[in-house]
Amino acid sequence: MAVIYKTTMTPSKLELLAAWLPRQPWYIGTASEPHLTKAGGFRLDDPQGEVGIEFMVVTDNSGERPRSYHVPLSYRGAPLDGADRALIGTSEHGVLGRRWVYDGTHDPVLVAQLLDLLQGRAEPQAQSETDTPAPSVTSHFTGVGFSTVIASAAVDDRQHGTAIMVETKEEAGPHSRSAGAVTIDVMRVLRSDSQAAQSPAARSARGHVLADWRAKNGDESRGLFVVLRDTAR
């Protein structure tokens, strides 16, 4: 169970993201320093209790039309080997000290827990409360389940989102065998759609995650955050 501390981070998450977001290929704004507000999200627990996992929604209010972005984040107490290009920045946490903040699509702990969420094996947690489920976050999965032990993963940031190509294996160890390849499509620019579960993308997929976020005027929006599909070979 992740403990949510009521403390500060310096620089803040929004300050880190304001510098990082415009450099991403899926950012559709024009501001070099967007004006961001927190608009929602949820968390997952790392079973080992070492990595913070958050799926954050931020709204960019710098353009004529506000845009909401989905940013999976992982928080670590030390650098993640081989993930320099995924580093968003470092921040001083008021309780835990220095934290390395990563684009979580590159973090194997976050990806494994996301696969568990898609298959109904991980419970989404409230973003700002300890040990509090987030019932508005729903997942759907079809077909035969698979291991979430990751053999390899490749991340492709595209104009319309991020694709994580994952090769899973049955169990850890030298004699493990492949359990198949899947692709996790992470929606980056969120689109409100109350019927998103019936969209062609969701209906043809192995699984998906739906969640809520708040518009600037306080209205609730709901849409696809993640889609899971078999990797074409």
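Structure first, text after, so check above.
Below is a summary of the structure that appears in this document. The shown structure was predicted, so the numbers you read here are calculated from the model rather than taken from an experiment.

**Considering the overall build of the chain**
Part 1 of the argument: Secondary structure assignment for the chain yields three helices and twelve strands.
Part 2 of the argument: For the chain, the C-alpha radius of gyration of 17 Å lies close to 17 Å, the compact-globule estimate for 233 residues.
Part 3 of the argument: C-alpha extents for the chain along the principal axes are approximately 50 × 40 × 35 Å.
Part 4 of the argument: Among the 233 residues that make up the chain, the fraction classed as buried is 47%.
Part 5 of the argument: Measuring between centres, the 24 positive side-chain charges of the chain sit 3 Å from its 28 negative side-chain charges.

**Comments concerning the layout of surface pockets**
Part 1 of the argument: By volume, the largest pocket is sized at about 670 Å³.
Part 2 of the argument: Taken together, 30 residues form the lining of the largest pocket, with V3, I4, K13, R43 and H93 sitting closest to its centre.
Part 3 of the argument: For the lining of the largest pocket, the elements supplying multiple residues, two or more each, are α1 (13-20), β2 (36-44) and β3 (52-60).
Part 4 of the argument: With four residues, β3 is the single largest residue contributor to the lining of the largest pocket.

**What to know about empty space enclosed by the protein**
Part 1 of the argument: The final tally for this structure, using the stated rule, is one cavity of 30 Å³ or more.
Part 2 of the argument: Volume-wise, the largest cavity comes out at about 40 Å³.
Part 3 of the argument: Along the walls of the largest cavity sit ten residues, with A2, D45, Q125, E129 and D131 positioned nearest its centre.
Part 4 of the argument: Looking at the lining of the largest cavity residue by residue, the class counts come to four nonpolar, two polar and four charged.

Cut-offs applied
- Residues numbered from 1 in each chain as written.
- Predicted model: local features only at pLDDT ≥ 70, side-chain atom pairs only at ≥ 80, totals over all residues.
- Heavy atoms only, no water.
- Helix = DSSP H or I, 4+ residues; strand = E, 2+ residues; numbered from the N terminus.
- Rg over C-alpha atoms; globule rule 2.2 N^0.38 Å.
- Buried < 20%, exposed > 50% of the residue type's maximum accessible area, 1.4 Å probe, protein only.
- Lys, Arg positive; Asp, Glu negative; His and termini not counted.
- Charge placed at Lys NZ, Arg CZ, Asp CG, Glu CD.
- 1 Å grid on protein atoms, 1.4 Å probe; cavity = no way out; pocket = protein on both sides within 12 Å on 5 of 7 lines; lining within 4 Å.
- Points joined across faces, edges and corners; volume = space filled by probe spheres on them.
- Nonpolar A, V, L, I, M, F, W, Y, C, P; charged D, E, K, R; others polar.

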